[in-house]
Every structure is written in structure tokens, then in C-alpha cells.
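Remarks on the overall topology
The residues making up each chain are set out below.
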Number of protein chains: 2
Amino acid sequence: MNLGLLCFIAYRAMEVEVMKAVAEAGFDDLTVAQGRLAARIGPEGTRLTELAEQAQVTKQTAGFLVDQLERAGYVTRTPDPADARARLVRMAPRGEAVVAVARQAEARVEAEWTRHLGKRGTAQLRAALTSLREITDPYA
Amino acid sequence: MNLGLLCFIAYRAMEVEVMKAVAEAGFDDLTVAQGRLAARIGPEGTRLTELAEQAQVTKQTAGFLVDQLERAGYVTRTPDPADARARLVRMAPRGEAVVAVARQAEARVEAEWTRHLGKRGTAQLRAALTSLREITDPYA
DNA sequence: TAATATTGGTAAGAGAGGCTGACTAAGTCA
DNA sequence: TGACTTAGTCAGCCTCTCTTACCAATATTA
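All residue numbers refer to positions counted from 1 along the written sequence of the respective chain. For this description, chains carry letters from A and ligands carry numbers from 1, given in the order in which they are written. Where local features are concerned, this predicted model is filtered to residues with pLDDT of at least 70; where side-chain atom pairs are given and counted, the filter is 80 or more; whole-chain, interface and lining totals use all residues. Remark: hydrogens and water are excluded; side-chain values derive from all non-hydrogen atoms of the structure.

**Some thoughts on the relation of the copies chain B and chain A**
Here is the rule we go by: For this overlay, a least-squares fit was computed on C-alpha atoms, restricted to residues scoring pLDDT of at least 70 in both copies. Contacts between residues were defined by any pair of non-hydrogen atoms, one from each residue, lying within 4.5 Å.
Mapping chain B onto chain A calls for a screw motion: a turn of 180 degrees about the axis and a shift of 0.1 Å along it, with 0.1 Å RMSD after fitting. The operation mapping one copy onto its partner corresponds to a two-fold rotation axis. Nearest to the rotation axis, the C-alpha of C7(B) is located 2.4 Å from it, this being the minimum over chain B. A shared interface surface links the copies, since 100% of the contact residues of chain B are contact residues in chain A too.

Shown next, in the form of C-alpha cells:
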């Protein structure tokens, strides 16, 4: 079977589990697209344009998603001291809370995968995928 | 880094390459969603409901996509001899042609990955992902 | 230093893709 | 026969993403 499709199956399984955990923790208004963007927010805040680039969407799309995240209280926008045009998107407390839940769910799923593949097999999988980023990820 | 996200990066790289090859071959009206659905059509044709299940979308969505594929000449709908309610979605010649292009692009990308990871590494990657399907793919 | 180009971001509108709910027609089974 | 299930359609809605067009601030350069 096609390697790309195999990656997709694993990826989707992870995504479904994480979103389920997040929803069960009470954050039932968060969508996948919002989560994907929010996952790129750095500890000191990140500019919209940078988020758009990394998530590989247009800045309009990124702006649309950040609007929603802001309205739902997950992030805030603060002026960027380094550039008056720009604003930094930062995690709000509610955002930090959901990140914690997501990280935990990720760890749980990875542990499950490790039980299935073995420690060695999982390490190899991670190494192979990480190495692949060098030729597949423009933002590696 | 999160294993799920690593899978996503590789998957998207493959998808982008395949869609680019397909578009360059003149099939520039095919979308990703249509392709994902069409990839599930079996040699003898497949029922709409079955396609929907396997692609994990509702049958309404599947019907919508098959409408488009039919209008563009990629597939045909024929009555299912086994059940007068059902119809079989089958590949049309134009559909077969695009499948051939897609398969070729997939093979090319996999070859590139193999050059990067080595034969052994690629085989391990495939083995790990295939094994993972046992716990991540409800339609394995 | 003034004109020009670039960069960060917003606004408006359109289209794709997905969903739910309600429905018809055909098959299944008690 | 009547109740239930299954294959598929119809209608309406929401989310995400794009393109085109624009404004404001910064950088560059003549």
C-alpha cells in the first residue's frame, strides 16, 4: 500500500483521539483547523504571517482562525513591540489549558502505539519520519 | 515532535506531489476530496455507501463527490444487479487514465523517499505503518 | 530625504467540502 | 401483511480556504 496513505491513516487516528479528548475535557468548541494553527504559537507569541506560513495557509485564513480562537478565549492579540504593524498572537490561560489536555492525549496515543510496535520499532518510526522531513517539509 | 504530526507532514508532501502530477497530465479539474473517494473504487465497481464508509464521510458527501466525478467523466454509475436500490460506481476510461498517472507519481515519490532513507529504512517505515493500521484503521 | 518597494494585516466575496435532518424506494423478516 | 432496515437523494447549513483588493508601517534607495 502507498506510503502516503499509510501516513494519513496514522495521522488521522491521532487527530481523532486528540480532538476527542479535548472535546471531552469541555473544550467542545475547538475545531481541527483552529488546533492546527494554534499548535504553532510559540511561548513568546507568534505573528499572524508566521503562523500562516508554518501552517501552510494564506494569512487571510490564519486571520480568520485566530479571530475565532480569540473570540473563544483561547488566544489574545497584543502589539508587537518590534513592529507597529504587527501583532503577536499569544496563548491565553484557556489556551494553555487545552494545550495541556492535547499534549496528554498525544502522549497517551503514542504510548499505545509503542505498546503495539515496541520501543525499538517506535523509535525507528520516529527517526524515519523525522528524517523524511528534510525532503518533505519546507518549514523543517 | 508528535508522531501524528510527523505522519501528517509526510502524507501531505505525497498528496501535493501526486496532485501536481495529475494536474500537469491535464487532469486539472480533479480535487483532493474526489481523488480520495475515487481511490476506493474497486475493479468491479463499488457502492456509494461503501465508498462513504471507507473514506469516512457521510453518504451525502460521497454522493456529491461522485456526482462531480461522473460529470467530469471519471466514473460511471451502473445498476447493481444484486440490488435494485443500489448502483455501482465504476471507473470510466478517463478515470483509469488518471489512476495510472497517480500511481506513477506515487512510485516516483516513494523512490525519492527510499533514496533518502535507504531500502532498509523504507521497509521498516512501511512495516511500522502497516502494523499500526491494526489499531488505527477501522477499515483495515 | 523623498519616492518606492516590501511587509503585516484586514475586508469582502466566492467556492469546495463537509454535516444533519427528512425523505423515497427497495429489500428483509416476523 | 406490516414493521424494520438499507441505498440513495434532496435541501439547507456551517467551516475552511482561496483570490482580489486594500491600508498602514517599515525598509530601501535614488
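Resuming the write-up.
**Comments concerning the protein's contact with DNA strand C**
Spelled out, the test is: The rule for a residue being near a molecule or strand is that one of its heavy atoms must lie within 4 Å of it. Distance and chemistry together define a polar contact, namely a pair of N or O atoms within 3.5 Å, with one atom able to donate a hydrogen and the other to accept it when in protein, and with adjacent residues in sequence counting only for side-chain atoms on both sides. Counting from the N terminus, the helices are DSSP H or I runs at least four residues long and the strands are E runs at least two residues long.
Residues in close proximity to DNA strand C total 20 residues, the closest being K59(A), R85(A), R87(A), T31(B) and Q60(B). Expressed as a percentage, the sugar and phosphate content of the atoms of DNA strand C within 4 Å of the protein is 64%. Separating a base nitrogen of DNA strand C from a side-chain N or O atom of K59(A) is a distance of 2.3 Å. One of the side-chain N or O atoms of Q60(B) is found 2.3 Å from a base oxygen in DNA strand C. For the surface near DNA strand C, the secondary-structure elements that each account for two or more residues are α3 (48-55), α4 (59-71) and β3 (83-91) of chain A together with α4 (59-71) and β3 (83-91) of chain B.

**Focus: the nonpolar core**
How we decide: Buried Ala, Val, Leu, Ile, Met, Phe, Trp, Tyr and Cys residues form a nonpolar core when they are joined through side-chain atoms within 4.5 Å. Relative accessibility under 20% of the residue-type maximum defines a buried residue, over 50% an exposed one, and the middle range a partly exposed one, all with a 1.4 Å probe and only protein chains included.
Within the largest apolar cluster, 72 residues are counted, with the highest numbers of intra-cluster contacts made by V22(A), L125(A), L129(A), V22(B), L125(B) and L129(B). Leaving out residues up to four positions away in the same chain, V22(B) has contacts with F27(B), L30(B), V98(B), V101(B) and A102(B).

**With respect to the environment of A102(A)**
Residues and elements named next belong to chain A. Note on placement: A102 falls in helix α5 (residues 93-136). A102 sits 18 residues away from R120 along the chain, and the two C-alpha atoms are 25 Å apart. Sequence-distant contacts of A102, defined by excluding residues within four places in its chain, comprise V18 and V22.

**Notes on the interface of chain B and chain A**
Our working definition: Throughout, the accessible surface (probe 1.4 Å) given up by two parts as they are put together, summed over both, is called the buried area. Any Lys or Arg side-chain nitrogen located within 4 Å of an Asp or Glu carboxyl oxygen qualifies as a salt bridge. Following the grouping adopted for this structure description, the nonpolar residues are Ala, Val, Leu, Ile, Met, Phe, Trp, Tyr, Cys and Pro, the charged ones are Asp, Glu, Lys and Arg, and the polar ones are all others, Gly among them.
Taken together, the contact between chain B and chain A spans 36 residues of the former and 36 residues of the latter. When chain B packs against chain A, the two sides together hide about 3,900 Å² of surface, and 70% of this comes from carbon and sulfur. At the boundary of chain B and chain A, one finds zero salt bridges. Within the residue set of the side of chain B that touches chain A, elements represented by two or more residues are α1 (3-24) and α5 (93-136) of chain B. Taken together, the residues of the side of chain B that touches chain A sort by class into 18 nonpolar, nine polar and nine charged.

**As for the pattern of salt bridges**
Side-chain pairing between opposite charges can occur once the charged atoms of the two side chains come close. Counting across every chain of the model gives 21 salt bridges over all chains. Between R85(B) and D83(B) there is a salt bridge whose closest N-O contact spans 2.8 Å. Each of D67(A), E70(A) and R77(A) takes part in one network of salt bridges that share partners.

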